[in-house]
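Next come the chains, spelled out residue by residue.
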Amino acid sequence: MRGVIESPAVMDAVDEASERWDRFHDAWSVVTWVLSRDPTVGYPLVEGGHLRSFVFEGSMAHQMPTIDVLYAITDENVIIQRVRIRDAAFTSGHA
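Now for a quick tour of the structure. (Residues numbered from 1 in each chain as written. Predicted model: local features only at pLDDT ≥ 70, side-chain atom pairs only at ≥ 80, totals over all residues. Heavy atoms only, no water.)

**Description of the packing of aromatic side chains**
The geometry of two aromatic rings is summed up by the distance between their centres and the angle between their planes. Rule in force here: Each Phe, Tyr or Trp ring (for Trp, its six-membered ring) is paired with any other whose centre lies within 6.5 Å, and the angle between the two planes then decides the class: stacked below 30 degrees, edge-to-face above 60, tilted in between. Strands are runs of DSSP state E lasting at least 2 residues, helices are runs of H or I lasting at least 4, and numbering of each runs from the N terminus. With a 1.4 Å probe rolled over the protein chains alone, any residue whose accessible area is under 20% of its type maximum counts as buried; one over 50% counts as exposed, and the rest are partly exposed.
Within this structure, the stated rule accounts for 1 aromatic pair. Aromatic pair Phe24 and Trp28: ring centres 5.9 Å apart, planes at 20°, arrangement stacked. Taken together, the residues span about one helical turn, with Phe24 and Trp28 both in helix α2 (residues 24-37) at a distance of 4 residues. In this pair, the class of Phe24 matches that of Trp28, namely buried.

**Notes on the side chain of Thr66**
What counts, and what does not: Polar contact criterion, stated in full: a pair of N or O atoms within 3.5 Å, where within protein one must be able to donate a hydrogen and the other to accept it, and residues adjacent in sequence count only if both atoms are side-chain atoms. Whether two residues are in contact is decided by their heavy atoms: any pair within 4.5 Å suffices.
Its place among the elements puts Thr66 in strand β4 (residues 66-73). Exposure remark for Thr66: the relative accessible area of 0% places this residue in the buried category. Separated by 3.1 Å, the side chain of Thr66 and the backbone nitrogen of Gly58 make a polar contact. Every residue in contact with Thr66, bar those within four places of it in the chain, is listed here: Val55, Phe56, Glu57, Gly58, Arg84, Ile85, Arg86, Asp87, Ala88 and Ala89.

**Observations concerning the nonpolar core**
Let me state the cut-off plainly: Only buried residues count toward a nonpolar core, which is a set of Ala, Val, Leu, Ile, Met, Phe, Trp, Tyr and Cys residues joined through side-chain atoms within 4.5 Å.
The biggest cluster of nonpolar side chains holds 21 residues, and the ones touching the most others in it are Trp28, Ile67 and Val69. For this core, the element with the highest residue contribution is α2, accounting for 6 residues. In this structure Trp28 touches Glu6, Val10, Val14, Ile67, Val69, Ile80 and Val83, once residues within four positions along its chain are discounted.

**What to know about a negative patch on the surface**
Spelled out, the test is: Two distance rules govern patches: like charges are joined within 9 Å, and nonpolar side chains (Val, Leu, Ile, Met, Phe, Trp, Tyr) within 5 Å, applied only to residues with over 30% relative accessible area and no salt bridge. Working definition of accessibility: Shrake-Rupley area with a 1.4 Å probe, residue cover restricted to the visible protein chains. In the sections that follow, a salt bridge refers to a side-chain nitrogen of Lys or Arg positioned within 4 Å of a carboxyl oxygen of Asp or Glu. For the purpose of counting charges, residues Lys and Arg are taken to be positive, whereas Asp and Glu are taken to be negative. His and the chain ends are not included. For this purpose, a charge sits on NZ of Lys, CZ of Arg, CG of Asp or CD of Glu.
Taken together, the side chains of Asp12, Asp15, Glu16 and Glu19 make up a negatively charged region of the molecular surface. Looking at where Glu19 falls in the secondary structure, it is placed in helix α1 (residues 8-20). Judged by its relative accessible area of 73%, Glu19 falls in the exposed class.

Below is the structure:
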């Protein structure tokens, strides 16, 4: 399990999102939990796979936004460098 570190810009975006979506922190907890346990879950953006992207698909019905993250993997941490938080495209989860 790796630690999860947020860049200052990500911390600001997380603070803003928590005011907009009632269940944002639930969604953010899922994102950080998944990345800390399996950082290779996202799509590799560079050869070697240390820079990746991951999308958490939100749900309008559950007041959870869609969260796109850009992150780097180190030996001990996942560093979330950028985040895009937006309204979910779906009323509930999809398969």
